[in-house]
Each structure stands twice: as C-alpha cells, then as structure tokens.
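Observations on the three-dimensional arrangement
What follows is the residue order along each chain.
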Amino acid sequence: GQNIDQPTEMTATEGAIVQINCTYQTSGFNGLFWYQQHAGEAPTFLSYNVLDGLEEKGRFSSFLSRSKGYSYLLLKELQMKDSASYLCAVRDPLYTGRRALTFGSGTRLQVQP
Amino acid sequence: EAQVTQNPRYLITVTGKKLTVTCSQNMNHEYMSWYRQDPGLGLRQIYYSMNVEVTDKGDVPEGYKVSRKEKRNFPLILESPSPNQTSLYFCASPRPTHQPQHFGDGTRLSIL
C-alpha cells in the first residue's frame, strides 16, 4: 500500500515564503503530485515530480527526494488568495495498472495580512 | 475547452433511494475515475475505468456501482444510499502523463 503524511495546518504572512512538507511510503514510486484546493472546490494541479530535484513554476516550486521519501512545496511571495488546502499525492505503482492517486489529508494554509 | 462535467452539484436525499451522479468528459480520454473526499481522510478512489466496458474497483468501492457504456460518460450509481456515503464526490479524467489533471467541479451528497 501507500501512505502519505503532511501537516494538517500552517499559517504564514502575506509576502513571505512557506514550505509544506510531505513524506510518503510506496511499494513502487511512480510520480508525486501537488494540488491546490480551495474550500468546496475541485483540486487544481500545481506540480508533478518524478525525478529528484526542484521543479520551479512561477511562485511555486516542488522538490523531491526519492531516497528519503520526501517532497516539499515552496510558495513564495504569498498572497491572500493562496489560502487553501495543499494536497500531496503519489501515483499507484506502474505494475498495478491502476493509475490512481493516493492523496494525503491535505495541509490547510492560512495566509494572514 | 477541456472539461469534466458532473451533475448534480448538490443533492440531499434519504436512505435507500437510488441515485445516479453523472460524469461526462469532452477530451476523448480513455481513463476515468471517481473519488470521494471526507474530512481527515483525503481523496480516495472509488472506481475507475480504463476504457469502454472496462471498470475496476478502487480503494472504497462498497455501496457503489459504475458503468462505462461509452467513452465520454462514467456515471456513479448508489443503489441503496446510506448516511455513511454522505461526502464530496469528484469525477476525474487524467491526461496520460499528468493525472488526474482534470477534476469535475464536485458533487456534494447528503444522505439523511
């Protein structure tokens, strides 16, 4: 099976930088995803990591270390609209053929003025 | 515009009354799936379909049925809903490399 851990809640200040950590266990790594989800809305895709290292996309960056089973999402220049839940997810191992994602419970980020 | 469309968006019903949540995608994707989201538990896959007439169970299939008679539609059927199926449901249809990139807007079901 697969398991994901991420902090339940975080608070940060507008304009600051915040790092949301995610640790995972999987029987066959096949990609890690980060999603943003505002309350009552559908998740929206932020980033995808399959190789070790940092992927940068504007104010958002995501890092992966497969040997450590660890990823983080870095949000820079925080804006009030970044207040949302951030979901870490790993894809099912290739040998399962399922193509499902296993999601963590999400980290609720509150950005304060 | 690539879309996954779910209906209804909200539904309040009673225990035992059969209901269907529809999902339609306009991207000609082969793969479609259903997730439910509950506080503290995250998103969990209910059923998925690799192609027309090919469906399989996800992590939490009990109490649900699906069908895939045509590529664009993947309805979720609750034959005899119970209160523990009160949840937020998402249909998803991923692109081959980044998935599931396209979620529907969600259906909030309340079973009384």
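Scroll up to find the structure this text is about.
This write-up is about the structure you can find in this document.

Reading the values: the criteria
- Residues numbered from 1 in each chain as written.
- Chains lettered and ligands numbered in written order.
- Predicted model: local features only at pLDDT ≥ 70, side-chain atom pairs only at ≥ 80, totals over all residues.
- Heavy atoms only, no water.
- Contact = heavy atoms within 4.5 Å.
- Buried area = accessible area lost by both parts, 1.4 Å probe.
- Salt bridge = Lys/Arg side-chain N within 4 Å of Asp/Glu carboxyl O.
- Polar contact = N/O pair within 3.5 Å; in protein donor to acceptor, adjacent residues only side chain to side chain.
- Helix = DSSP H or I, 4+ residues; strand = E, 2+ residues; numbered from the N terminus.
- Nonpolar A, V, L, I, M, F, W, Y, C, P; charged D, E, K, R; others polar.
- Disulfide = S-S within 2.5 Å.
- Buried < 20%, exposed > 50% of the residue type's maximum accessible area, 1.4 Å probe, protein only.
- Phe/Tyr/Trp six-rings, centres within 6.5 Å; stacked < 30°, edge-to-face > 60°.
- 1 Å grid on protein atoms, 1.4 Å probe; cavity = no way out; pocket = protein on both sides within 12 Å on 5 of 7 lines; lining within 4 Å.
- Points joined across faces, edges and corners; volume = space filled by probe spheres on them.
- Pairing = 2+ DSSP bridges.
- Axes fitted to C-alpha atoms, helices over the stretch in contact; angles between N-to-C directions.

Our next topic: the interface of chain A and chain B. By convention, interface size is frequently given as the accessible area that disappears when the constituent parts associate. Listed by partner, the interface residues are 18 residues for chain A and 25 residues for chain B. Interface of chain A and chain B: buried area, both sides summed, is about 1800 Å²; carbon and sulfur atoms make up 49% of it. It is Arg98(A), Arg99(A) and Phe103(A) in chain A that bury the most area against chain B; as a group they hold 36% of the surface buried on that side. Linking chain A to chain B there are 0 salt bridges. The tally of links from chain A across to chain B stands at 3 residue pairs in polar contact (both at pLDDT 80 or more). At the level of secondary structure, the elements contributing two or more residues to the side of chain A that touches chain B comprise β4 (32–37), β5 (44–49), β9 (84–91) and β10 (101–103) of chain A. No other element matches β4(A), which puts 3 residues into the side of chain A that touches chain B. Looking at the side of chain A that touches chain B, its residues break down into 10 nonpolar, 4 polar and 4 charged.

On to the state of the cysteines. Residues and elements named next belong to chain B. Taken as a whole and assessed by the stated rule, the structure comprises 2 disulfides over all chains. Disulfide partner of Cys 23: Cys 91, at an S-S distance of 1.9 Å. Handedness of the Cys 23-Cys 91 disulfide follows from its S-S torsion of about -75°: it is left-handed. Taken together, the residues Cys 23 in strand β3 (residues 19–25) and Cys 91 in strand β9 (residues 87–92) connect sequence positions 68 residues apart.

Attention shifts here to the side chain of Asp38(B). Residue and element names in this part refer to chain B. Relative to the assigned elements, Asp 38 resides in strand β4 (residues 32–38). A relative accessible area of 11% means that Asp 38 is categorised as buried. Separated by 2.9 Å, the side chains of Asp 38 and Arg 36 make a polar contact. Non-local contacts of Asp 38, meaning those with residues more than four positions away in its chain, are made with Arg 44, Thr 86 and Ser 87.

On to the packing of aromatic side chains, then. Applying the stated criterion to the full structure yields 15 aromatic pairs over all chains. Through a chain of ring-to-ring contacts, the aromatic side chains of Phe33(A), Tyr35(A), Phe45(A), Tyr48(A), Phe103(A), Tyr35(B), Phe90(B) and Phe103(B) assemble into a single cluster.

Turning to the layout of surface pockets, a few remarks are in order. Space inside the largest pocket adds up to approximately 540 Å³. Forming the walls of the largest pocket are 22 residues, and the residues nearest its centre are Gln37(A), Ser85(A), Arg108(A), Gln37(B) and Pro39(B). Ranked by residues supplied to the lining of the largest pocket, first place goes to β9(A) with 3 residues. Looking at the lining of the largest pocket residue by residue, the classes come out as 6 nonpolar, 12 polar and 4 charged.

Attention now goes to the pattern of salt bridges. Counted according to the given criterion, the structure contains 7 salt bridges over all chains. Here Arg108(A) ties to Glu9(A) by a salt bridge, and the two come within 3.9 Å at their closest N and O atoms. One end of the pair, Arg108(A), is in strand β11 (residues 107–112); the other, Glu9(A), is in strand β2 (residues 9–13), and 99 residues separate them in sequence. One continuous salt-bridge network, built from bridges that share partners, spans Arg36(B), Asp38(B) and Arg44(B).

All right, on to the sheet that holds strand β6 (residues 54–57) of chain B then. Within a beta sheet, neighbouring strands are joined by backbone hydrogen bonds and run either parallel or antiparallel to one another. All names here are of chain B. Pairing within the open sheet is mixed, and its 6 strands lie in the order β2-β10-β9-β4-β5-β6. Lying at the two open borders of the sheet, with one neighbouring strand each, are β2 (10–13) and β6. Sheet twist, expressed as the mean angle between neighbouring strand axes with direction ignored, is 20°. By the bridge criterion, 4 bridges tie strand β5 (residues 42–51) to β6 in an arrangement that is antiparallel. Counted as the bridge partner of Tyr 48 is Asp 56 from β6.

Worth remembering: the numbers are spatial, not functional.
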